Amino acid sequence: MITSDQNQPSVQIESSWLKRLGGEFEKPYMNDLRRFLKTQYAAKKTIYPAKSKYFSAFNLTPFEKVKVVILGQDPYHGVGQAHGLCFSVPANQKIPPSLVNIYKELKSDLGVQPVSHGNLERWAEQGVLLLNSVLTVEDSRAASHQGKGWESFTDQVVRELNEGREHLVFILWGSYAQKKAAFVDRKKHLVIESPHPSPLSAHRGFLGSKPFSKANAYLQAQGLKPIDWQLK
């Protein structure tokens, strides 16, 4: 679906998203992105996450099941960290600093006990779309795939959610996420904004912002099942 490399299997995206986003794969920016990725693989660059994980956020959280959208920026660029969900790492990886602060706020907000791993798939399976703006990155080179086309794709994702759904919760941590989703209709959706959970900024208003209880209160007010934020 994204790669034109005949030696590699095409990447698949969940059907409800494909119905909404299929046209994006035919646009010039996506052709440019395909060519860029093909040259990177041909040059033996190590790209994260694995091709099969590019669209994990979509495959775990179908369009009609989305309740909460959390926007990130880039995949983690360390070995074994990125698996297609923003802020999340596989269970065998060290918990990243931003996620440590997310867990800290979760405990303060809802009394949810932190777990010993950083895998957030359980959130995704309940309807939390953990979406990075850019879906790939080169090993050890943060932000190396910015400006190559992914932003146009994920901008369209946010537009589809904004226009095609009602009563979603958009959790926007930091100025990057807030700018990306600035057009979200706040009459249709709840938008929760705070500083980023990074250790550089968490003390400026992320800690104590109570995004999880606010999200659940809104969902319940709409007659929807709240998210069980407790990981296992």
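Model, not experiment: these values are computed from the prediction.

1. A word on empty space enclosed by the protein
And step 1. Tallying each qualifying case throughout the model produces 2 cavities of 30 Å³ or more.
And step 2. Space inside the largest cavity adds up to approximately 80 Å³.
And step 3. Considering the residues around the largest cavity, the lining is formed by 13 residues, among which Pro-75, Gly-84, Leu-85, Asn-132 and Leu-135 are closest to the centre.
And step 4. When residues of the lining of the largest cavity are traced back to their parent elements, those giving at least two are helix 3 (56-60) and strand 3 (128-132).
And step 5. Partitioning the lining of the largest cavity into residue classes produces 10 nonpolar, 3 polar and no charged.
And step 6. Of the voids in this model, the second largest cavity is the one considered here, and its volume is about 40 Å³.
And step 7. Lining the second largest cavity, in full, are Tyr-103, Leu-106, Val-112, Gln-113, Pro-114, Val-115, Trp-229 and Leu-231.

2. Brief notes about the layout of surface pockets
And step 1. Space inside the largest pocket adds up to approximately 480 Å³.
And step 2. Lining the largest pocket we find 25 residues, and of these Gln-73, Asp-74, Phe-87, Ser-98 and His-196 sit closest to its centre.
And step 3. Listing elements by their share of the lining of the largest pocket, those giving two or more residues are strand 2 (68-72), helix 4 (97-110) and helix 7 (175-180).
And step 4. Here the lining of the largest pocket takes 3 residues from helix 7, the largest share from any one element.
And step 5. Its residues assigned to classes, the lining of the largest pocket comprises 14 nonpolar, 10 polar and 1 charged.

3. So, the pattern of salt bridges
And step 1. On inspection of all chains with the given rule, the structure shows 9 salt bridges.
And step 2. Between Arg-20 and Glu-160 there is a salt bridge, and its shortest N-O distance comes to 3.4 Å. Taken together, the residues span a long stretch of sequence, with Arg-20 in helix 1 (residues 15-21) and Glu-160 in helix 6 (residues 150-164) at a distance of 140 residues.
And step 3. On the basis of relative accessibility, which here comes to 33%, the residue Arg-20 falls in the partly exposed class.
And step 4. Residues Glu-24 and Lys-27 are paired through a salt bridge, measuring 2.8 Å at the closest nitrogen-oxygen approach.
And step 5. Overall, Glu-24 belongs to the buried group, its relative accessible area being 7%.

Cut-off values and rules
- Residues numbered from 1 in each chain as written.
- Predicted model: local features only at pLDDT ≥ 70, side-chain atom pairs only at ≥ 80, totals over all residues.
- Heavy atoms only, no water.
- 1 Å grid on protein atoms, 1.4 Å probe; cavity = no way out; pocket = protein on both sides within 12 Å on 5 of 7 lines; lining within 4 Å.
- Points joined across faces, edges and corners; volume = space filled by probe spheres on them.
- Helix = DSSP H or I, 4+ residues; strand = E, 2+ residues; numbered from the N terminus.
- Nonpolar A, V, L, I, M, F, W, Y, C, P; charged D, E, K, R; others polar.
- Salt bridge = Lys/Arg side-chain N within 4 Å of Asp/Glu carboxyl O.
- Buried < 20%, exposed > 50% of the residue type's maximum accessible area, 1.4 Å probe, protein only.

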